[in-house]
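Working through the structure, step by step
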Amino acid sequence: MASIAEESLKRILVTGAGGQIGSWLVPRLRELYGTSNVLATDVRQLGAEATEGGPFQVLDATQTRSVGQVVMRHEADTVFHLAAILSAVGERDPRLAWHVNMASLEAVLEVAREQGCAVFTPSSIGVFGPGTPKDPTPQDTVMRPGTMYGITKVAGELLCDYYHARHGVDTRGVRFPGLVSYGAPPGGGTTDWAVDIFHHAAASARYTCFLGPDTQLDMMYMPDAVRAIIALMEADPARLWHRNAFNVTAMQLTPEHLAAEIRRHLPDFRVTYDIDPVRQSIADSWPDRIDDSAARAEWGWCPEFDIEAMTADMLKHVGLATASSG
Ligand SMILES: NC(=O)c1ccc[n+]([C@@H]2O[C@H](COP(=O)([O-])OP(=O)(O)OC[C@H]3O[C@@H](n4cnc5c(N)ncnc54)[C@H](O)[C@@H]3O)[C@@H](O)[C@H]2O)c1
């Protein structure tokens, strides 16, 4: 992105900033909008690598009063709300997933209504369920998920729609597929295998995958996810018909397909399978391929990384990290 208009986002609060997305998004937001304008927060104290790059504060996003105080003190006009419990952890502790995902979103939206903030909240392909058409999965379709995570994401999309329609809050969001990145590890999702596989390939040339070899899911490399978030938040609101729930994807992967691509770089790499029935059944209920034409038409979404480019870049970074850590 060439430049950010003077009048656009200036004072930003990020919740859940220490997670997989936040650890990439915060540095990019600071590059674009200025270090001191971007306040990173998380429920846990983060390590020096996350806190030394700019302002950081511990914040439990489920606490409306605390969120309100931090937004007011920072004079935030935009909240990137990333705090959440992900799918696999959510199936282990569904009450925690419901509480964190719903209470934090309700707190952020209520504070945004009171203080006039825009809000970005990621939804997920987890909104879809076994009754949804799988290939392609349309933008507007059946959403009856079988996981607590998916239920909170459907409810979250509806809550964002409500705060926009009823209270005029500038809410925006995308349904992310599985996200692949190096750096902060994934937080307990069904697509974590697509990150783990690179670390194991670089470290030992062996990986035991918890999903079956032919399980196809949508995926995206994190640099594209960060570009998607910023592009959507910079988009002309008049064009956003699906503002809280854009399907976005970059590629479709199976474990066998990704393993074959990794073998082009590391010919000795081998994958075996030890299927986790819980995560396999979640993956089986999700789409094989989502249709992201609404995002392309309404705000110009277009991914830069395909499987070849992503694999080469991941192996470069993960390989170097493994070598330098001994
Ligand atoms: N990573 C993916 O593949 C993916 C895919 C689709 C959607 N998403 C969505 O994107 C968002 C961010 O995901 P992520 O992968 O960065 O998750 P993550 O699990 O890596 O990070 C979540 C962060 O939230 C923090 N957190 C938990 N409870 C909190 C609370 N009460 N208050 C403040 N912070 C709290 C955690 O400490 C963690 O740092 C979530 O809404 C998730 O559902 C992620």
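In this report, we go over the structure that sits alongside the text. (Residues numbered from 1 in each chain as written. Predicted model: local features only at pLDDT ≥ 70, side-chain atom pairs only at ≥ 80, totals over all residues. Heavy atoms only, no water.)

Points about the sheet that holds strand S9 (residues 178-180)
- Taken together, three strands build an open sheet; the order of strands is S9-S11-S13 and the sheet is mixed. Sheet topology places S9 and strand S13 (251-253) at the edges, where each strand pairs with a single neighbour. In this sheet, neighbouring strand axes are inclined to one another by 45° on average, regardless of whether the strands run parallel or antiparallel.
- Pairing of strand S11 (residues 217-221) with S13, which is carried by three bridges, proceeds in the antiparallel orientation. In the strand pairing of S13, Met 219 is matched with Met 251. (Pairing = 2+ DSSP bridges. Helix = DSSP H or I, 4+ residues; strand = E, 2+ residues; numbered from the N terminus. Axes fitted to C-alpha atoms, helices over the stretch in contact; angles between N-to-C directions.)

Regarding the pattern of salt bridges
- Taken as a whole and assessed by the stated rule, the structure comprises 13 salt bridges.
- Arg 175 is the partner of Glu 157 in a salt bridge, and the nearest nitrogen-oxygen pair spans 2.8 Å. Of the two residues, Glu 157 sits in helix H6 (residues 148-167) while Arg 175 sits in strand S8 (residues 174-176), which places them 18 residues apart along the sequence. Note on accessibility: Glu 157 and Arg 175 belong to one class, buried.
- Of the charged contacts in the structure, one is a salt bridge between Lys 316 and Asp 313, with a shortest N-O distance of 3.8 Å. Residue Lys 316 and its partner Asp 313 are located together in helix H12 (residues 307-324), separated by three residues, close to a single helical turn.
- Residue classification places Lys 316 among the partly exposed positions, given a relative accessible area of 47%.
- Connected through salt bridges with shared partners, the residues Asp 170, Arg 172 and Arg 243 form a single ionic network. (Salt bridge = Lys/Arg side-chain N within 4 Å of Asp/Glu carboxyl O. Buried < 20%, exposed > 50% of the residue type's maximum accessible area, 1.4 Å probe, protein only.)

Notes on the site of the ligand
- As a structural note, the neighbourhood of the ligand is formed by 27 residues, with Gln 20, Asp 42, Arg 44, Tyr 149 and Lys 153 the closest of them.
- Residue Asp 60 places a side-chain N or O atom 2.9 Å away from a nitrogen atom belonging to the ligand.
- Between the ligand and Tyr 149 there is a distance of 2.6 Å, counted from an oxygen atom to a side-chain nitrogen or oxygen.
- A total of 840 Å² of accessible area belongs to the ligand in isolation, and the protein chains cover 92% of it.
- For the shell around the ligand, the elements supplying multiple residues, two or more each, are strand S6 (123-124), H6 and S9. (Near = heavy atom within 4 Å. Polar contact = N/O pair within 3.5 Å; in protein donor to acceptor, adjacent residues only side chain to side chain. Areas by Shrake-Rupley, 256 points an atom, 1.4 Å probe, with all protein chains shown as cover.)

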